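Residue-level listing of the chains:
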Amino acid sequence: MLHNLLRPLLTAASVAAIVCASPAHAQPADEQTYVLPAQDLATSLRQVAAQSGRNVIVPSALVAGRQAPAVSGPFTAEGAVRLLLTGSGLSVRRVGDSLVIVEEALPGEPSTGAASGAEQDTIVVTGSHIRGAAPTSQVLIIGRREIDAAGVPSVEELMRKLPQNSLAGVNQENFLVAGADADSTEHGAGVNLRALGQRATLTLVNGRRVAPSGAGSFVDVSLIPLSGVERVEILTDGASAIYGSDAVGGVVNFIMRRDFEGLETVLDAGTTTDGGGNQLIAGVSGGARWSGGNAMLSYEYRFDGAIKAADRPFTINLRPDTTILPREERHSLFGLVDQEIVRGLDLELTGSYAHRDTLRTYFISGSTIPVGTSADANTANLAGTLGYRPGGDWLIQASGGWSRSVTHEMQTQPGGQELVNRFDSRSSLYDFGLQADGSLFSLPAGAVRLAAGADGRHEFHVDVFETRATAARTKSAQRDVRAAFAELNVPLFSSRNRRPGLERLSLTGAIRYEHYDDFGGTWDPQVGMLWSPLPGLTLRGSYGTSFRAPLLSETTGLYNVFYFPASLLVAPGATASGIALATAGTNPDIGPERSRSWTAGVEIEPHFARGLDIKANYYSIHFSGRIALPTQSLAVIGNPAFDPIVTRAPATDRVQALIQGAGRVFDLSGPNFTPGGARPQDVTFIVDNRIGNTGVTTTNGLDVVLRYAFQVGRSHFVADLDANYIFSFNNRLTATAPLISALNRAFEPVDFRVRGGLSWSRNGWSANLFVNYADGYSDNRRTTVQRVGSFTTVDAGLSYTFGDDQGRRSRPFRIAFHVENLFDKAPPFLLPDPLSSAGLGYDPVNASGRDRVVSLQLRKDW
């Protein structure tokens, strides 16, 4: 299927290359005509980025005050940048599709530029602690070009476009959809790489951890202001050897803007054309620069109107006031100050704050009385980094930070008098670290570079849960984490000593030891290789282990026990007598989830089609000890698959120990779940259904990323394609249970997702058209299997920038019009849960009920 779907897409791109390159006046692919006057270097680099469609990444201090020569003629984007950097002491490197500006000298050699310590900074790319190093794992970079082209109002909507990200977990449309793996007490949105769960994706902001939201289970990316994001770096590989816990499915790093100078205002208004969902975003950013330092402050306001069941005809038996997408209002603030204290010593301080209010309505099954949900979330972060350059290319950094996330939710019925549920949670994180990186010694191919350090953090979580039937119950937990790590980059062949079959060869290795005071320590190694046998061909591979520490909310050891007649807990076809004791809750003996993964990739830049870049990356992940409920149903006695959680004829002292450690004991051993006077010595079975390290998940798949930049006359084009194909995705609930495929099922990952499109720009005008595709699947939740169709939507955008005069200093004004789901495609129909007669009518994990969205954005520099 992958071959059949990818072949026409790749063929279309190849045909486009041939057709567009064939006229006599056309330039070779990616070779564009640049006409840039002599001006400041930063302006020229921005112009090349806008015209070529490539991300040009550079620390602002590195180019501040530098002048660029005039450049005129046909060049590749990389060639134009090299000319602009002539005599500047800087050079350009390729990391993925991006061009990264670094010091001109190879690592380990004296720098020919950089007058100050701040100017000696190079880029740290997600997946490595070594500055300027290219990770051996695949890194996807979403820059401002891609963000503007997407035309989305928020970070969570931007991440929905990423084929490698599953929408299962906490997301706005998943509320109260149990199969979507959402928690009804949580709002916002998280990132879920490789569909391994939001808890298995490490989310960073400027390379730092932030406090998780809700029950401490995910980082709420909906509280990150999109207007303040410079780029998003996505590492689609396990990376606990670099970052520690949670980096199983990968790492998402949101890099915030830091080099802005002047004042910028943004106004974005949109709505759905089918009713509800009005949107308004207003933001302002200001920045200033002075000798040795800079500062910026950014504020953003966002409003999202609710979409109700009455607005969408595909819902099934939902009451008209039921909320599909909530009403939300958010304020966010981000600030940064960077100052060189003395030569070689630099201090950076960052801070952020965000607040969101959420309102929605739902109905308890069978009730005609609505339940109103109001929730507010607050996050705050402060961080500081002190960098010292002792000499050569070494950099020593000491850092510290504080982060907090607070959620309050109240669910009431009319008049606000009757409480249904109340949920409050607070997570906080204090962290510190010390690391150094630089060159150890030189080989013929370049310098061997090392990064090493130690860090630690203190984590705290508390939540309070109360219902109309139970009193408030508080859970809290805390722990300390300490870690030490090292990373090595060894170049064996490069342009200095290349030979046939060895244009480039470098090896990388990393190891990290992390110790938790509640469950002990873990070692995680990673090794990788980059090999270029021919110009334009690069092969990469990596192997490593990763882990996810249990949530603090999972380690409290709070659980309840229930007496049942054993006959109620038997599997079909089995029999049992006596009394069964069932447990439900957390387990103090829970340990970390562990994974091992390997990847193999290829990158092709054919010399006969300059500007064409094709990447393919295969991955395989074995995720064991998954923390989960062993089963959703307690009727397991007699089923061999669940023998690990069933104890027959247990000792009375073990039964008494479980009862003594329980929070509450429920006697449901009588007729119709009434008290039956059961005693510990009556227990003939124990069904231990506390969450534990029971599950195993294995998955493998292929990513294909294509980019093709070309020019026809004075028009510039960029074709993009990002596809993910999953070969298998299997779960094993217990050690003795069989593997069950979760691929192509309701609320589970589908085997094929792709986003591809074409962007055009000329003389201030730009336009783009993108197609999003998610494959269909079979719904097997009933005896009769139902086919759920594929979901294809088209996004389009058109913009014009006034004052764009070939990169000269100006105060441009940009007006942009975007349409998401251009043809108003309704999501594929999905029947409700078999035990219910009402439902959304679609699968929110693999489609959206937002329907067509139109928006107009105004952006002005002052």
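Procedures and definitions
Residues numbered from 1 in each chain as written. Predicted model: local features only at pLDDT ≥ 70, side-chain atom pairs only at ≥ 80, totals over all residues. Heavy atoms only, no water. Helix = DSSP H or I, 4+ residues; strand = E, 2+ residues; numbered from the N terminus. Buried < 20%, exposed > 50% of the residue type's maximum accessible area, 1.4 Å probe, protein only. Contact = heavy atoms within 4.5 Å. Lys, Arg positive; Asp, Glu negative; His and termini not counted. Charge placed at Lys NZ, Arg CZ, Asp CG, Glu CD. Arc of directions from axis to C-beta. Pairing = 2+ DSSP bridges. Salt bridge = Lys/Arg side-chain N within 4 Å of Asp/Glu carboxyl O. Patch = residues over 30% accessible without salt bridge, like charges linked within 9 Å, V, L, I, M, F, W, Y side chains within 5 Å. Areas by Shrake-Rupley, 256 points an atom, 1.4 Å probe, with all protein chains shown as cover. pLDDT = per-residue confidence, 0-100. Phe/Tyr/Trp six-rings, centres within 6.5 Å; stacked < 30°, edge-to-face > 60°. Lys NZ or Arg CZ within 6 Å of the ring centre and 35° of its normal. Axes fitted to C-alpha atoms, helices over the stretch in contact; angles between N-to-C directions.

**Student:** Requested: an account of the overall build of the protein chain, with residues and values cited.
**Tutor:** A count of helices and strands for the protein chain gives 8 helices and 44 strands. Going through the 862 residues of the protein chain one by one, you find that 58% of them count as buried. The contacts of the protein chain with a sequence gap of at least 6 include a subset with a gap of at least 24, amounting to 69%. Taking the average place of the 76 positive charges on the side chains of the protein chain and the average place of its 84 negative ones, the gap between the two points comes to 2 Å.

**Student:** Could you give an account of helix H8 (residues 652-661), with specific residues and numbers?
**Tutor:** Among all positions of H8, only Val655, Leu658 and Ile659 are buried. Buried residues in H8, looked at end-on, bunch into an arc of 100 degrees, giving them a common side. When the buried face of H8 is taken as reference, the exposed residues oriented beyond 90 degrees from it are Asp653 and Gln660. On its buried side, H8 packs onto strand E28 (559-565), strand E29 (579-585), strand E33 (664-667) and strand E34 (683-688).

**Student:** Tell me what's going on with the pairing of strand E12 (residues 250-256), and back it up with residues and numbers.
**Tutor:** Burial analysis of E12 places 7 of its 7 residues in the buried class, the great majority of the element. Both faces of E12 are covered, namely the face carrying Gly250, Val252, Phe254 and Met256 and the face carrying Val251, Asn253 and Ile255. Sheet topology places strand E9 (residues 201-205) next to E12; 5 bridges connect them, and they run parallel. Paired with Thr201 across the two strands is Gly250, which belongs to E12.

**Student:** Describe the sheet that holds E9, with residues and values.
**Tutor:** One open sheet accounts for 5 strands, arranged E8-E11-E12-E9-E10; its pairing is mixed. Pairing within the sheet leaves two strands with one partner each, and these edge strands are strand E8 (139-142) and strand E10 (208-209). For strand E11 (residues 229-235) and E12, the ladder comprises 6 bridges, and the chain directions are antiparallel. Bridge assignment links Ile234 to a residue of E12, and that residue is Val252.

**Student:** So what's going on with the side chain of His818? Which residues, and what values?
**Tutor:** Looking at the secondary structure, you find His818 in strand E43 (residues 813-820). Owing to a relative accessible area of 8%, His818 belongs among the buried residues under this scheme.

**Student:** So what's going on with the pattern of salt bridges? Residues and values would help.
**Tutor:** Counted according to the given criterion, the structure contains 48 salt bridges. The residue Glu157 makes a salt bridge to Arg850 at a minimum N-O spacing of 3.2 Å. With a gap of 693 residues between them, Glu157 in helix H6 (residues 155-160) and Arg850 in the loop between E43 and strand E44 (853-861) connect regions that are remote in the sequence. Between Arg449 and Asp393 there is a salt bridge; the shortest N-O distance is 3.8 Å. Here Asp393 lies in the loop between strand E20 (370-391) and strand E21 (394-412) and Arg449 lies in strand E23 (residues 446-467), a separation of 56 residues in the sequence. The same class applies to Arg449 and to Asp393, which are both buried. Salt bridges here are not isolated pairs; linked through shared partners, they connect Asp455, Arg457, Glu459, Arg479, Arg512, Glu514 and Asp518.

**Student:** Account for a nonpolar patch on the surface, naming residues and giving values.
**Tutor:** Taken together, the side chains of Leu263, Val284, Leu297, Tyr299, Leu333, Tyr353 and Trp862 make up a nonpolar region of the molecular surface, amounting to roughly 640 Å² of accessible area. Here Val284 lies in strand E14 (residues 279-290). A relative accessible area of 33% places Val284 in the partly exposed class.

**Student:** With reference to specific residues and values, describe the confidence of the model for the protein chain.
**Tutor:** Averaged over all residues, the pLDDT of the protein chain is 86; the fraction at 70 or higher stands at 90%. When the criterion is pLDDT under 50, residues 1-29 qualifies, and its contacts beyond four places in sequence or with other chains add up to 34 contacts. Here residues 105-121 is modelled with pLDDT under 50, and outside its nearest four sequence neighbours on either side it reaches 44 contacts, counting other chains as well.

**Student:** An account of the side chain of His129 is requested, with residue identities and associated values reported.
**Tutor:** Along the chain, His129 falls in the loop between strand E7 (98-103) and E8. Among the residues examined, His129 registers a relative accessible area of 15% and is labelled buried. The residues touching His129, leaving out its near neighbours within four places in the chain, are Ile242, Tyr243, Gln435, Asp437, Ala451, Phe485 and Glu487.

**Student:** I'd like a rundown of the pairing of strand E22 (residues 419-443), residues and numbers included.
**Tutor:** Of the pairings in the sheet, the one linking E21 to E22 comprises 18 bridges and is antiparallel in character. Note that in E22 the partner of Arg404 across the bridge is Ser428. In terms of strand pairing, E22 meets E23 through 22 bridges, oriented antiparallel. If you follow Gly438 over to E23, its bridge partner there is Leu450. Where E22 folds back on E23, the antiparallel hairpin that results is connected by 2 residues.

**Student:** Account for the packing of aromatic side chains, naming residues and giving values.
**Tutor:** Taken as a whole and judged by the stated rule, the model has 18 aromatic pairs. Ring geometry for Phe314 versus Tyr842: centroids 5.4 Å apart, planes at 85 degrees, classification edge-to-face. Residue Phe314 is located in the loop between strand E16 (307-308) and strand E17 (323-325), and its partner Tyr842 is located in the loop between E43 and E44; the two are separated by 528 residues in the primary sequence. The class of Phe314 is buried, set by a relative accessible area of 12%. With a centroid separation of 4.6 Å and an interplanar angle of 85 degrees, the aromatic rings of Tyr800 and Phe802 are classed as edge-to-face. Of the residues examined, Phe802 reaches a relative accessible area of 42% and is grouped as partly exposed. Members of the aromatic cluster, connected to one another through ring pairs, are Trp598, Tyr618, Tyr725, Phe727, Phe752 and Tyr773. Just above the ring of Phe770 sits the side chain of Arg755; from NZ or CZ to the centre is 4.3 Å. Above the face of the Trp862 ring, Lys860 is positioned so that its terminal group lies 5.1 Å from the ring centre.

**Student:** Tell me what's going on with the sheet that holds E28, and back it up with residues and numbers.
**Tutor:** In space, the 5 strands of this open sheet follow the order E32-E34-E29-E28-E33, with mixed pairing throughout. Both outer strands of the open sheet, strand E32 (646-648) and E33, are each paired with one neighbouring strand and no more. Direction aside, the axes of adjacent strands within the sheet are offset by 20 degrees on average. Where E28 lies against E29, 7 bridges are found, and the strand directions are antiparallel.

**Student:** Explain unusual backbone geometry to me, using residue names and the numbers behind them.
**Tutor:** Even without being glycine, Arg194 reaches a positive phi, approximately 60 degrees. The backbone phi angle of Asn821 is positive, close to 60 degrees, even though this residue is not glycine. Mapping Asn821 onto the fold places it in the loop between E43 and E44.

**Student:** Give a description of the environment of Met529 that names residues and reports values.
**Tutor:** Mapped onto the fold, Met529 is located in strand E26 (residues 520-534). Separated by 393 residues in sequence, Met529 and Thr136 have C-alpha atoms that sit 5.9 Å apart. Discounting chain neighbours no more than four positions away, the residues touching Met529 are Thr136, Leu505, Ser506, Leu507, Leu539, Arg540 and Gly541.

**Student:** Summarise the environment of Asp751; cite the residues concerned and give the values.
**Tutor:** Along the chain, the position of Asp751 falls in the loop between strand E37 (740-741) and strand E38 (752-762). For Asp751, a relative accessible area of 7% translates into the label buried.

**Student:** How would you sum up helix H4 (residues 77-84)? Please name residues and give values.
**Tutor:** Among all positions in H4, only Ala77, Ala80, Val81 and Leu84 are buried. Angularly, the buried residues of H4 cover 100 degrees about the axis, an arc narrow enough to put them on a single face.

**Student:** Go over the environment of Tyr800 with me, naming the residues and quoting the values.
**Tutor:** Of note, Tyr800 is situated in strand E42 (residues 791-802). Note: C-alpha distance between Tyr800 and Ile815 (15 residues apart in sequence) is 5.6 Å.

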